[in-house]
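Structural overview
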Amino acid sequence: MSRIAITTLCLALFGCSSYKAINGYPENGASGYSEQSLDDGSFLLRVDGRDNESYAELRFKLLRRAAEICPGSLELSNYTMKQGFVIHAKRVHWPYVTAKLNCTELPIDKSVMFESDV
């Protein structure tokens, strides 16, 4: 019961509509997550937000994306919080977070956890 309450609270606070893959460039107002595959089987994750989003919200989205990519256990390193800045027709600011993701274990497949001789 408490798991459902926590999930509902997180969805109410952070919403599902702002959690999506980035479509466009952050300097033009696009927000969302992206990942880049690195050569050693790890990923570089990035979440770009809107100017009114907090780093806590962006970190939550980064952790959510990491759990989608690595459904088993995972390790995040090199976490950074930054502020993007571009000047063209007008000043554009946006917060973003990045981290390196390593998938450490595969999820347990419960269908083969126990074998029977029957």
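This text follows the structure it describes.
My aim in this report is to walk through the structure given alongside it, one point at a time. (Residues numbered from 1 in each chain as written. Predicted model: local features only at pLDDT ≥ 70, side-chain atom pairs only at ≥ 80, totals over all residues. Heavy atoms only, no water.)

Observations concerning the overall build of the protein
The number of helices and strands found in the protein is two helices and four strands. Each helix and strand of the protein, placed in order from N terminus to C terminus, yields the pattern α-β-β-α-β-β. Element-wise, carbon and sulfur atoms account for 56% of the exposed surface of the protein, whose accessible area totals about 8,400 Å². (Helix = DSSP H or I, 4+ residues; strand = E, 2+ residues; numbered from the N terminus. Areas by Shrake-Rupley, 256 points an atom, 1.4 Å probe, with all protein chains shown as cover.)

Examining the environment of Leu 58
As for its position among the elements, Leu 58 is in helix H2 (residues 55-69). On the basis of relative accessibility, which here comes to 0%, the residue Leu 58 falls in the buried class. Measuring from C-alpha to C-alpha, the distance between Leu 58 and Tyr 33 comes to 9.2 Å, with 25 residues separating the pair along the chain. If sequence neighbours within four positions are ignored, Leu 58 has contacts with Val 47, Asp 48, Gly 49, Glu 53, Pro 95, Tyr 96 and Val 97. (Buried < 20%, exposed > 50% of the residue type's maximum accessible area, 1.4 Å probe, protein only. Contact = heavy atoms within 4.5 Å.)

Things to note about the packing of aromatic side chains
On inspection of all chains with the given rule, the structure shows one aromatic pair. Ring geometry for Tyr 19 and Tyr 33: centres 5.0 Å apart, planes at 35 degrees, overall tilted. With Tyr 19 in the loop between helix H1 (2-14) and strand E1 (32-37) and Tyr 33 in strand E1, the pair connects residues that are 14 residues apart, well separated along the chain. Lying over the aromatic face of Tyr 79, Arg 59 brings its terminal NZ or CZ to 4.5 Å of the ring centre. Looking at Arg 64, its charged tip hangs above the ring of Tyr 19, at a distance of 3.8 Å from the centre. (Phe/Tyr/Trp six-rings, centres within 6.5 Å; stacked < 30°, edge-to-face > 60°. Lys NZ or Arg CZ within 6 Å of the ring centre and 35° of its normal.)

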